[in-house]
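# Per-entry structural report
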Amino acid sequence: MISVRSAFAWFSSSLCFGQYSRPSNRPAICLLSHLVSTPERSAWSTSRRFLRPVTYRGSRLISLVVAISSSILTVLASSLAGFALAKYKFLGREFVFMLIISVLLIPLQVLMVPVFLILKSLGWINSLIGIIVPPAATATGTFMMRQYMIGIPDELLEAARIDGASDWKIYCKIILPLSAPVLGAVGILSFTWRWNDYLWPLIVINNQEKYTLQLSLANLIGTNTVEWGTLLAYATLAMIPVLIVFLCFQRYFLKGSLSGGVKG
Amino acid sequence: MNSSDKALVEVNLTAAKRTRSTFVLAPYLFLFPTIGLMSLFTLFPMFYGVWMSLQKADVIHGSSKFVGIANYLELFRDPQFGLSVLNTAWYTLTVVPLIVAGSIAIAVFLRESRPARLLARVGFYIPFVLSPVVVATSWKWLLNEDLGVINGFLKWAGLSTIPWLSSDFSARVSVVAASVWNLVGFYMLMVLAGLSQISPELYEAARIEGASAWNRFWRITLPILRPTILLVVILATVHATQAFETILLLTDGGPGGATRLVVQNMYLSAFGRLQPGYGVAQAVVLFPVILFVAWLQMRFFKQERSREFVQRPPNPSWPHRI
């Protein structure tokens, strides 16, 4: 019985989550959950009791800051690199391209320890820069950008060059506007990844005040006295942005995973 | 070529000369952020890791001394490491076949039932976009011994409850179930894509010849799907050998190390027992396996690269890292 109740509490708490700081404005479903379950068992009261202090609000903000700023960085870095690989002929291009692709095949899991020590010597442990900057360069992003930018006609760039545009100007005024779809795709994928990411923050952050939402949730799972209402409310909160992004832009996700598998 | 064309060519040439200096430098500048970060946080750590595995850190004095291959010799004597290798082996050997069979079964089933297809696709894919933390939370909630949903149903049906996460065997079953649930949607999409390449005429012809559905599956679907299945096997193996976060959160390697895989053992040695050199030595031992699978993937990828529709290379960490 308790499990059924907590299932209900999960959904109801997720519905009232945005509202808990303004009790006068509760949706009907919260009142319903009060009627169905005993007051001290309802997720409403758990979330009020346990989520109000410290971690919840802070970690939500930190997660947002990290996810947004790092996806902007990723889009910038990978569009620059993709442009260079797609539209320039230079010494070592093939080598650089293969290097980027091979980085894809090295999992972070085996590099955890040295990466931690490097971050430590940079003084980036327990800093948001440490979560945001290091993984910002991604092989998949660069690859997607390159594939897309190859399709931009060379004549456009030539014309701009004849008009005296610098390379940077060409990138800003021609390449970026023309590759809006792929910029969006990389941005969305990178946002989901960074929002969901657990491993990198686990390495970088050990100060509770700087926990991302995923770290806070993981920390809650680890405690012995688990409050299921709180935990599931957190879990719902942690997955809502990703679910929204996924449902709105599912073709990016579905197409992305298809292309790896299609064999003509 | 008339004179105005010639003049235009002249202008082109001078313009090209004028911009040549930036033209050569620009791609390197554009590549700098990406290559810089990748070198510092992926390539350099690789070599640094190998160097570290030859050291023994003294945590108290904050120094480390060179010990040669002592860390590697230690690996052979360490029962914990042996156990984690065994665990990784059985985990891979159960998860990969289950994923292959599951993804094919779901994909074939979904192809038959058209109306529900998009919905089901999205539904099966959702577990894959959830974070490992959310996956672990949900499964812990389902599997909790006293309050969990599954034991709740068992109790309701009058059966005895099962200590899902606290006995060796059932903890392993739980971990495998959670992993398969998490990953199968991703591979199902690959198989669906493969299935869409098979022309319906083949099935039509087989049906006219009087082949049963079972025969059509074994004689037509499976042989044509072979490349796709091979890719699924390779990627699922990569996923399985690197499994870490979900298991760490679900069982923490327990009970008694029954679900502790190599990556987690490495993490525990380095961060829990403060033996970074020894931890990295385990990663270095794991590395040839990963490189071999990576090499297989590269071969696949090279075949794919010539095709225009490729949007991105098959990424084993997808989408937990892009």
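Predicted, not measured: the structure shown is a model, and the values here were computed from it.

### Some details on the overall build of chain A
When its secondary structure is counted, chain A shows 15 helices and zero strands. For chain A, the share of sequence-separated contacts (at least 6 apart) that also reach a separation of at least 24 residues comes to 74%. Per element, the accessible surface of chain A, about 10900 Å² overall, is 65% carbon and sulfur.

### Section: the overall build of chain B
Helix and strand counts for chain B come out as twelve helices and two strands. The linear arrangement of helices and strands in chain B, starting from the amino end, is α-β-β-α-α-α-α-α-α-α-α-α-α-α. When burial is assessed residue by residue, chain B has 50% of its 322 residues classed as buried. Contacts in chain B between residues far apart in sequence, at least 24 positions, make up 64% of those at least 6 positions apart. For chain B, the exposed area adds up to about 15900 Å²; of that, 68% sits on carbon and sulfur atoms.

### Points about the packing of aromatic side chains
Per the counting criterion, the structure on display carries 25 aromatic pairs over all chains. Aromatic side chains F83 of chain A and F30 of chain B sit 5.3 Å apart centroid to centroid with 35° between the ring planes, which places their arrangement in the tilted category. Of the two residues, F83 of chain A is situated in helix α4 (residues 55-87) and F30 of chain B in helix α1 (residues 3-52); the pairing between them involves two chains. Summarising the burial analysis for this pair, F83 of chain A and F30 of chain B share the class buried. If you follow R146 of chain A out to its NZ or CZ, it ends over the ring of F97 of chain A, 4.1 Å from the centre. Lying across the ring of W193 of chain A, R194 of chain A places its NZ or CZ 4.6 Å from the centre.

### Concerning the environment of V65 of chain A
Residue and element names in this part refer to chain A. Residue placement: V65 occurs in helix α4. Classification of V65 as partly exposed rests on a relative accessible area of 38%. Residues V65 and I132, spaced 67 residues apart in sequence, show a C-alpha to C-alpha distance of 9.1 Å. Setting aside chain neighbours within four positions, we find V65 in contact with S70 and L128.

### Digging into the packing of helix α5 (residues 132-143) of chain B against helix α6 (residues 149-156) of chain B
Residues and elements named next belong to chain B. In the contact formed by α5 and α6, the axes pass within 4 Å of each other and the chain directions differ by 20°. Here α5 is positioned roughly parallel relative to α6, judged by the angle of their axes. Between α5 and α6, the residues in contact are W141, L142 and L143 and V149, I150 and N151, respectively. Its residues placed into classes, the contact of α5 with α6 shows five nonpolar, one polar and no charged.

### Some details on the confidence of the model for chain A
Residues and elements named next belong to chain A. Chain-level statistics for chain A give a pLDDT mean of 76 and a share of 72% at 70 or above. Ranking the elements of chain A by mean pLDDT puts helix α2 (residues 28-36) last with 36 and helix α10 (residues 167-178) first with 92. The model gives residues 1-54 a pLDDT under 50, and that stretch makes 62 contacts with residues more than four places away or in other chains.

### So, the packing of helix α9 (residues 154-162) of chain A against α10 of chain A
Residue and element names in this part refer to chain A. The contact between α9 and α10 brings their axes to 10 Å, and the two run at 145°. Here α9 runs over α10; the crossing is right-handed. Counted together, L156, L157, A160 and R161 of α9 and D167, I170, I174, I175 and L178 of α10 form the full contact between these two elements. Of the residues assigned to the contact of α9 with α10, the class counts are seven nonpolar, no polar and two charged.

### Overview of the nonpolar core
General note: in soluble globular proteins, nonpolar side chains tend to be found buried as a group. Residues F83 of chain A together with Y91 and Y187 of chain B are the most contacted members of the largest nonpolar core, which totals 158 residues. Ranked by the residues each element gives to this core, the list is headed by helix α7 (residues 168-195) of chain B, at 14 residues. Contact partners of Y91 of chain B, with chain neighbours within four places excluded, come to V175, V176, S179, A240, A243, I247 and L261 of chain B.

### Here we look at the pattern of salt bridges
Residue and element names in this part refer to chain A. All chains considered together, the criterion is met by five salt bridges over all chains. D167 is the partner of R161 in a salt bridge, and the nearest nitrogen-oxygen pair spans 3.5 Å. There is no split in this pair, since R161 and D167 are both buried.

### A closer look at the side chain of S79 of chain A
Take S79 of chain A: it is sitting in helix α4. Setting aside chain neighbours within four positions, we find S79 of chain A in contact with T74, M145, M149, Y171, L176 and L183 of chain A.

### Quick look at the environment of A270 of chain B
As for its position among the elements, A270 of chain B is in helix α11 (residues 262-272). When the C-alpha positions of A270 of chain B and P223 of chain B are compared, they lie 46 Å apart, and in sequence the two are 47 residues distant. Residues contacting A270 of chain B, with those up to four places away along its chain left out, are V113 of chain A together with Q275, P276 and G279 of chain B.

### Concerning helix α2 (residues 70-77) of chain B
Note that an α-helix has 3.6 residues per turn; residues three or four places apart therefore point the same way. Residue and element names in this part refer to chain B. Restricting attention to buried positions, one finds in α2 the residues N71, Y72 and L75. Each buried residue of α2 lies within a common arc of 100° when the element is viewed along its axis, so the set occupies one face. Exposed side chains of α2 directed beyond 90 degrees from the buried face belong to F76 and R77.

### Things to note about a nonpolar patch on the surface
Where nonpolar side chains cluster on the molecular surface, the patch consists of L64, I68, I72 and L76 of chain A and spans about 340 Å² of accessible area. Taking relative accessible area as the criterion, L76 of chain A reaches 43% and is therefore assigned partly exposed.

### Some details on unusual backbone geometry
Residue N126 of chain A is not a glycine yet carries a positive backbone phi of 65°. Positive phi values are uncommon outside glycine, yet D252 of chain B reaches one of about 55°. Here D252 of chain B is to be found in the loop between α10 (245-250) and α11.

Quick notes on the rules
Residues numbered from 1 in each chain as written. Chains lettered and ligands numbered in written order. Predicted model: local features only at pLDDT ≥ 70, side-chain atom pairs only at ≥ 80, totals over all residues. Heavy atoms only, no water. Helix = DSSP H or I, 4+ residues; strand = E, 2+ residues; numbered from the N terminus. Contact = heavy atoms within 4.5 Å. Areas by Shrake-Rupley, 256 points an atom, 1.4 Å probe, with all protein chains shown as cover. Buried < 20%, exposed > 50% of the residue type's maximum accessible area, 1.4 Å probe, protein only. Phe/Tyr/Trp six-rings, centres within 6.5 Å; stacked < 30°, edge-to-face > 60°. Lys NZ or Arg CZ within 6 Å of the ring centre and 35° of its normal. Axes fitted to C-alpha atoms, helices over the stretch in contact; angles between N-to-C directions. Parallel < 35°, antiparallel > 145°, perpendicular 65-115°, else oblique. Nonpolar A, V, L, I, M, F, W, Y, C, P; charged D, E, K, R; others polar. pLDDT = per-residue confidence, 0-100. Left-handed = near helix turned anticlockwise from the far one by under 90°. Core = buried A, V, L, I, M, F, W, Y, C linked by side-chain atoms within 4.5 Å. Salt bridge = Lys/Arg side-chain N within 4 Å of Asp/Glu carboxyl O. Arc of directions from axis to C-beta. Patch = residues over 30% accessible without salt bridge, like charges linked within 9 Å, V, L, I, M, F, W, Y side chains within 5 Å.

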